[in-house]
Amino acid sequence: AIRRLEERLASGASLAIAMRADPAFPAIFTNLVSAGEAGGHLDDALSQAAAYFQREYQLGRKVRSALTYPKFVAIIALGITWFLLATVLPSFASIFASFDMELPAITRFMLAGSDWLVDWGWIVFTAIAIFLLAWRYWRTTPRGRATLDRLALRLPFFGQMLSLNAIARFCRTLGALTHSGVNVVTSLQLAEQAVDNSVFTQAMRQAAAAIGQGSRLASALEQTGLFPPLVTHMVRVGESSGSLDIMLRQVADFYDADLNSMAEQLTRLIEPIVILVVALIAGLIALAIALPMMQMVNIVQF
């Protein structure tokens, strides 16, 4: 991409035009460069771009890590449960069957679940695979993506994290673009690319339309109902004082710190829950094996 950029620059194109002709450079970057060239502060625009993409990468990595951890834990817990039910417990079934005794209710329940899992487990795995493929396809459709994004924002704790992430990325993107001299409507349109949620994307389009009709940015954001009072208040102050980019960066930093704190809390909260769930599953299976073994010992003694 850089070699192609060199060729276009050598042929007389400006840096922004040369970048726009290559898909390797995102639109946010090319608009920052274009504004920097027009205003004669290209070095400052490039510094802004570097700081912006660095923060975006760090924030995105932290959010992905926090949201991926519960999925990983659930898979591990299910794997341990399947291993104990499908391999460990059946090895004791023949031993229990050789003794003429009534098994405890928990043992009968576990053995029934083990037999069902061994005989019909492939149906469960097939159904899960089909469901995941269908869900993945549906998520790529506009209607499916909008529905899932709305549901995701309503989830306890996770929904708040996703909302904070969207607001922080929106404020940081808008602040970087307005600082470089890009007009607010264009900045809002570009901010859509940084927010990975169709609900916030639609809200930004509504805000851009309202601004095009003469509304102020703070009022347009307030009308969407998605941005907390802190954001709209700081934006209103920034518009009044001519320091919109500074206010937006301060809001983004505030929500970044809040998001980091929530991610750390989630990690600390999930670890003991995982240990408890896995210990509970293993303990129930161990109890289902131990109770009949104790009965067998009593039968042998007497």
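The structure under discussion appears in the preceding block.
Remember, predicted model here, so these are calculated numbers, not experimental data.

This part is about the packing of helix H10 (residues 217–224) against helix H11 (residues 229–241). Direction vectors running N to C along H10 and H11 enclose 165°, while the axes themselves pass 8 Å from each other. As judged from the angle between their axes, H10 and H11 are roughly antiparallel. For the pair H10 and H11, the sense of crossing is left-handed. Listed contacts from H11 to Leu217, Ala218, Ser219, Leu221 and Glu222 of H10 are Thr232, Val235, Arg236 and Glu239.

To continue, consider the packing of helix H3 (residues 27–39) against helix H7 (residues 158–179). Where H3 contacts H7, the two axes come as close as 9 Å, and the packing angle between them is 25°. As judged from the angle between their axes, H3 and H7 are roughly parallel. On the side of H3, the interface is formed by Ile28, Asn31 and Leu32, while H7 contributes Thr173, Ala176 and Leu177.

What follows covers the nonpolar core. By size, the foremost hydrophobic cluster in this structure holds 40 residues, and its most contacted members are Phe170, Cys171, Leu188, Leu217, Val231 and Val235. Listed by contribution, the elements that provide at least two residues to this core are helix H4 (42–97), H7, helix H8 (184–194), helix H9 (198–212), H10, H11 and helix H12 (244–301). The element that contributes the greatest number of residues to this core is H12, accounting for eleven residues. Look past the residues within four positions of valine 235 in its chain and what remains in contact with it is Leu217, Ala218, Leu221, Leu244 and Leu248. Counting residues in each nonpolar core, the second largest holds 18 residues, with Ile28, Leu32, Val33 and Leu190 among its members.

Taken together, the side chains of Trp82, Phe83, Phe125, Ile128, Phe131, Leu132, Trp135 and Trp138 define a hydrophobic patch exposed on the protein surface, amounting to about 840 Å² of accessible area. Where the nonpolar patch is concerned, the elements lending two or more residues are H4 and helix H5 (105–140). With six residues, the top contributor of residues to the nonpolar patch is H5. When you line up the elements, tryptophan 82 lands in helix H4.

What follows deals with H9. The terminal C-alpha atoms of H9, which comprises 15 residues, lie 21 Å apart, in line with the 21 Å expected from a rise of 1.5 Å per residue. The complete set of buried residues in H9 reads Phe200, Thr201, Ala203, Met204, Ala207, Ala208, Ala210 and Ile211. Residues of H9 that are buried make contact with helix H6 (142–154), H7, H8 and H10. Backbone nitrogen of valine 199 and a side-chain oxygen of the N-cap are separated by 2.9 Å at the start of H9; the cap is asparagine 197.

Using the criterion set out here, one finds seven aromatic pairs in the structure. Ring geometry for phenylalanine 200 against phenylalanine 227: centres 5.8 Å apart, planes inclined by 85°, an arrangement best described as edge-to-face. One end of the pair, phenylalanine 200, is in helix H9; the other, phenylalanine 227, is in the loop between H10 and H11, and 27 residues separate them in sequence. Both residues of the pair, phenylalanine 200 and phenylalanine 227, belong to the buried class. A connected cluster of aromatic rings, assembled from ring pairs, spans Phe25, Phe29, Tyr52 and Phe53.

A separate point is the pattern of salt bridges. With the rule as written, the count across this model stands at eleven salt bridges. Put simply, aspartate 149 and arginine 145 hold a salt bridge, and the shortest N to O gap is 3.8 Å. Of this pair, aspartate 149 and arginine 145 are both found in helix H6, four residues apart, which corresponds to roughly one turn of the helix. The class for aspartate 149 is buried, based on a relative accessible area of 4%. For the salt bridge of aspartate 253 with arginine 172, the shortest nitrogen-to-oxygen distance reads 2.8 Å. Of this pair, aspartate 253 sits in helix H12 while arginine 172 sits in helix H7; the two residues are 81 residues apart in sequence, bridging distant segments of the chain. The structure contains a network of salt bridges with shared partners spanning Arg55, Arg172, Asp253 and Asp256.

Reading guide: rules and limits
Residues numbered from 1 in each chain as written. Predicted model: local features only at pLDDT ≥ 70, side-chain atom pairs only at ≥ 80, totals over all residues. Heavy atoms only, no water. Axes fitted to C-alpha atoms, helices over the stretch in contact; angles between N-to-C directions. Helix = DSSP H or I, 4+ residues; strand = E, 2+ residues; numbered from the N terminus. Parallel < 35°, antiparallel > 145°, perpendicular 65-115°, else oblique. Left-handed = near helix turned anticlockwise from the far one by under 90°. Contact = heavy atoms within 4.5 Å. Core = buried A, V, L, I, M, F, W, Y, C linked by side-chain atoms within 4.5 Å. Buried < 20%, exposed > 50% of the residue type's maximum accessible area, 1.4 Å probe, protein only. Patch = residues over 30% accessible without salt bridge, like charges linked within 9 Å, V, L, I, M, F, W, Y side chains within 5 Å. Areas by Shrake-Rupley, 256 points an atom, 1.4 Å probe, with all protein chains shown as cover. Salt bridge = Lys/Arg side-chain N within 4 Å of Asp/Glu carboxyl O. Expected span 1.5 Å × (residues − 1). Polar contact = N/O pair within 3.5 Å; in protein donor to acceptor, adjacent residues only side chain to side chain. Phe/Tyr/Trp six-rings, centres within 6.5 Å; stacked < 30°, edge-to-face > 60°.

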